[in-house]
Amino acid sequence: MNKKFLSKLLATTFLICGINFLPVNFCAENFKIISVAHAEVKNFTASATATFSFGEDDEKIVAAVKNVAKMRAEQAAKEKFSAYVKTANKNLSDEDISALTNNFSEFVDVEYEKFFVSENAFETDDTGKENFMYEATVTIKVDADKISEYLELGKQDKANIIQQNKSLQKSIADISKNFDDLSEGAENFSAEELDFELSEIDKKISAQEKLIEGNKFYFQKDF
C-alpha cells in the first residue's frame, strides 16, 4: 500500500474519533499498525501525602491517613490525565475534561511510604506525640480511545455527567479539608470522639468511591 495514502488514511481515522494521537513527525514507515480492537491505554502516576499529629501505631488512624493520601494521589494522577486530554483536545471545556478524567480512569496500583514530619524520627511535638505522614503513589490507567464516546454523547447526557462530577469534586475537597482539620485539632478530641470522626472520614471516602463507579456506570449505559 502506498505510504502516503496510508498516512492520510490513519490520520483521518484518528480525527473522526475526535482525538489526534499521531505525533507531528508521524511517518507511515515507522508506524506499527495495531488492531482497532485494542484501545490505546495510557498510565498516569502521581504521589501525595497525608499527615497526622499522632497515632502512628493506631490502626484506625493509620488507615485513615493512608486512605486520604491515596485519594489525593489518585486525584493528582487524574490531573495529569486532564492535562493530556486538554493538549489533545483544545476545544473541550474544563468541565468536559474534568468529567472525562473521572469517567475514563481506572485505579491500577498504590504504594505507600511512611515519613516523620520532623527530620529526627524521635522528635515530638508539644503534646509529646510524634507527627507522621504517609506518601501514596498511585497509578491509574486510561482507555484514551474512548474519549470519542464522550464526544458522541447527547447534550443532556453530558450535562448530567458534568453535574455528577461537580458533586464528586466537592465531596473530595470536603473530605480532604475535614481530615486536615481533624489532624490539627486531634488533641482536643477524646478517644471515642476521634474514633467517630475517623470513621466518618472513612465512610465518606467509601461513598465517593461508589459515586465514581456510579458515574462510570451512567456513562457506559448506552455503549
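You'll find the structure just up there.
Residues numbered from 1 in each chain as written. Predicted model: local features only at pLDDT ≥ 70, side-chain atom pairs only at ≥ 80, totals over all residues. Heavy atoms only, no water.

A.B. asks: Any chance you could break down the pairing of strand S3 (residues 132–143) for me, citing the residues and the numbers?
C.D. replies: The element S3 is extensively covered by neighbouring structure, given that nine of its twelve residues are classed as buried. One ladder, built from twelve bridges, connects strand S1 (residues 41–52) with S3; its direction is antiparallel. When the sheet's bridge partners are listed, Thr51 is paired in S3 with Met133. Here strand S2 (residues 105–116) runs beside S3; their pairing, made up of eleven bridges, is antiparallel. Its bridge partner lying in S3, Phe107 is registered against Ile140. (Buried < 20%, exposed > 50% of the residue type's maximum accessible area, 1.4 Å probe, protein only. Helix = DSSP H or I, 4+ residues; strand = E, 2+ residues; numbered from the N terminus. Pairing = 2+ DSSP bridges.)

A.B. asks: Provide a residue-level description of the sheet that holds S3, including the pertinent values.
C.D. replies: Read across the sheet, three strands follow the order S1-S3-S2 without closing on themselves; strand pairing throughout is antiparallel. Each edge of the open sheet carries a strand with a single partner, namely S1 and S2. Taking each pair of neighbouring strands and ignoring which way they run, the sheet shows an average axis angle of 15 degrees. (Axes fitted to C-alpha atoms, helices over the stretch in contact; angles between N-to-C directions.)

A.B. asks: Break down the packing of aromatic side chains for me, with residues and values.
C.D. replies: Throughout the structure, instances matching the rule amount to seven aromatic pairs. Note on Tyr112 and Tyr134: the rings are 6.4 Å apart at their centroids and 90 degrees apart in plane angle, and the pair reads as edge-to-face. Placement of the pair is Tyr112 in strand S2 and Tyr134 in strand S3, with a sequence separation of 22 residues. Given the relative accessible area of 32%, Tyr112 is considered partly exposed. Between Phe132 and Tyr134, the aromatic rings sit 6.2 Å apart at their centres with planes inclined by 90 degrees, giving edge-to-face as the arrangement. (Phe/Tyr/Trp six-rings, centres within 6.5 Å; stacked < 30°, edge-to-face > 60°.)

A.B. asks: Can you explain helix H3 (residues 94–104)? Please cite residues and give values.
C.D. replies: The element H3 is largely enclosed, with a buried count of eight among its eleven residues. The set of residues buried in H3 consists of Asp96, Ile97, Ala99, Leu100, Thr101, Asn102, Asn103 and Phe104.

A.B. asks: Quick rundown of the side chain of Gln208? Include the residues and the values.
C.D. replies: Tracing the chain through its elements places Gln208 in helix H6 (residues 191–220). Accessibility expressed as a relative area gives 5% for Gln208, which makes it buried. Contact partners of Gln208, with chain neighbours within four places excluded, come to Met71, Leu168, Ser171, Ile172 and Ile175. (Contact = heavy atoms within 4.5 Å.)

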